[in-house]
Amino acid sequence: MAVYTLPELPYDYAALEPVINPQIVELHHDKHHAAYVKGANDTLEQLAEARDKESWGSINGLEKNLAFHLSGHILHSIYWHNMTGDGGGEPLAADGVGELADAITESFGSFAAFKAQLTKASATTQGSGWGVLAYEPLSGRLIVEQVYDHQGNVGQGSTPILVFDAWEHAFYLQYKNQKVDFIDAMWAVVNWQDVSRRYAAAKERGDSLLLAP
């Protein structure tokens, strides 16, 4: 059975400067993300052992650990590709991301309204978590989710297409306790081409993943 592996960064450690310094990128990817990959694999081994021994006393904790580590791995894998040193600005039809731009306007009223909501959701996440733009397949619209830890408080079936990491390890070495400054700065490195591809893919397969009422 395949195990989870740490994906390589799509750029070098310094590619996101000055928004995110190289030290943060290196530690975040090589240490924190790697820990979620290891945690997911270790938990799968522990679950296999529990099945073999028919020992279910720790099942609740193991299932929670798997959700935590696997979701951390998935969200970080999206996060790295959601950013580019040549990013930022607003998604525009002239840049080939008009479908995404239209969906944002339709779902939130305007890009400015969407930006304000995702910024606020990310910056005010209690404790550790994420701000997420997701495609919700039952309605066919985009929604903003405030994700606690890596997996809590999400609409089941929604597909994340843009994620802002609001855990302290994502910004503290550079921004100290000013989470809102980090989130504001993040808009300068958003890779709208990647977000647009994720939106198209989520929209294409969304109807087949859920049985709509």
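Quick caveat: nothing in here was measured; it's all calculated off a predicted structure.

1. Looking at the UniProt feature "domain: Manganese/iron superoxide dismutase C-terminal" (unreviewed entry) in the protein chain
In the numbering used here, UniProt assigns the feature "domain: Manganese/iron superoxide dismutase C-terminal" (unreviewed entry) to residues 98-198. As annotated, residues 98-198 comprises 43% helix and 23% strand, and the C-alpha atoms at either end are separated by 14 Å.

2. Let's talk about the pairing of strand β1 (residues 129-136)
Within β1, 8 of the 8 residues are buried, which leaves the element mostly enclosed by the surrounding structure. Both faces of β1 are covered, namely the face carrying Gly129, Gly131, Leu133 and Tyr135 and the face carrying Trp130, Val132, Ala134 and Glu136. Connecting β1 to the antiparallel partner strand β2 (residues 141-148) that follows it, the hairpin turn spans 4 residues, and Gly140 within it adopts a positive phi of roughly 75°. Note that β1 and strand β3 (residues 159-165) share 6 bridges and pair antiparallel. From the neighbouring strand, Ala134 faces β3, where its bridge partner is Pro160.

3. Re the pattern of salt bridges
Opposite charge on two side chains allows them to pair when their charged atoms are near. Applying the stated rule across the entire model yields 5 salt bridges. Between Asp194 and Arg198 there is a salt bridge, with its nearest N and O atoms 2.8 Å apart. With Asp194 and Arg198 both in helix α7 (residues 192-209) and 4 residues apart, this pair spans about one turn of that helix. For Asp194, a relative accessible area of 6% corresponds to the buried category. By sharing partners, the salt bridges in this structure join Asp194, Arg197 and Arg198 into a single network.

4. Overview of the pairing of β2
Bridge count for β1 against β2 is 8 bridges, and the pairing is antiparallel. Each residue of the ladder has a partner; that of Val132, found in β2, is Glu145.

5. Section: helix α1 (residues 22-53)
In a regular helix each residue adds 1.5 Å, so 32 residues correspond to 46 Å; α1 covers 46 Å between its end C-alpha atoms and thus fits that length. Of all the bends in α1, the greatest, near 30°, is centred on His28. For α1, the capping residue at the N-terminal end is Asn21, with a side-chain oxygen 3.2 Å from the backbone nitrogen of Gln23. Positive phi shows up at Glu54, right after α1, with a value of about 50°.

6. Concerning the packing of helix α4 (residues 111-123) against helix α6 (residues 179-186)
Contact geometry of α4 with α6 gives a least axis separation of 9 Å together with a crossing angle of 145°. With respect to the hand of their crossing, α4 and α6 are arranged in right-handed fashion. Mapping the contact onto sequence places Thr119, Ser122 and Ala123 in α4 and Lys179, Val180, Ile183 and Asp184 in α6. Considered class by class, the residues forming the contact of α4 with α6 number 3 nonpolar, 2 polar and 2 charged.

7. A word on the UniProt feature "binding site: Mn(2+)" (unreviewed entry) in the protein chain
Here the UniProt-annotated "binding site: Mn(2+)" (unreviewed entry) positions come out as His28, His76, Asp165 and His169. Annotated residues spanning 142 residues; largest pairwise C-alpha distance 12.3 Å, indicating a single compact cluster. Relative to the helices and strands, Asp165 resides in strand β3. For Asp165, a relative accessible area of 0% corresponds to the buried category. Residue contacts for Asp165: discarding those within four places in its chain leaves His28, His76, Tyr79, Gly129, Trp130, Ala170 and Phe182. In this structure the side chain of Asp165 is engaged in a polar contact, spanning 3.1 Å, whose partner is the side chain of His76. Tracing the backbone shows His169 in the loop between β3 and α5 (172-175). The exposure class of His169 is buried, given its relative accessible area of 19%. Beyond its immediate sequence surroundings of up to four residues, His169 is in contact with Ile24, His28, His32, Tyr36 and His76.

About the thresholds
- Residues numbered from 1 in each chain as written.
- Predicted model: local features only at pLDDT ≥ 70, side-chain atom pairs only at ≥ 80, totals over all residues.
- Heavy atoms only, no water.
- UniProt positions renumbered as here; feature names shortened; annotations may be inferred.
- Helix = DSSP H or I, 4+ residues; strand = E, 2+ residues; numbered from the N terminus.
- Buried < 20%, exposed > 50% of the residue type's maximum accessible area, 1.4 Å probe, protein only.
- Pairing = 2+ DSSP bridges.
- Salt bridge = Lys/Arg side-chain N within 4 Å of Asp/Glu carboxyl O.
- Expected span 1.5 Å × (residues − 1).
- Bend = angle between axes of the 7 residues up to and from the residue.
- Polar contact = N/O pair within 3.5 Å; in protein donor to acceptor, adjacent residues only side chain to side chain.
- Axes fitted to C-alpha atoms, helices over the stretch in contact; angles between N-to-C directions.
- Left-handed = near helix turned anticlockwise from the far one by under 90°.
- Contact = heavy atoms within 4.5 Å.
- Nonpolar A, V, L, I, M, F, W, Y, C, P; charged D, E, K, R; others polar.

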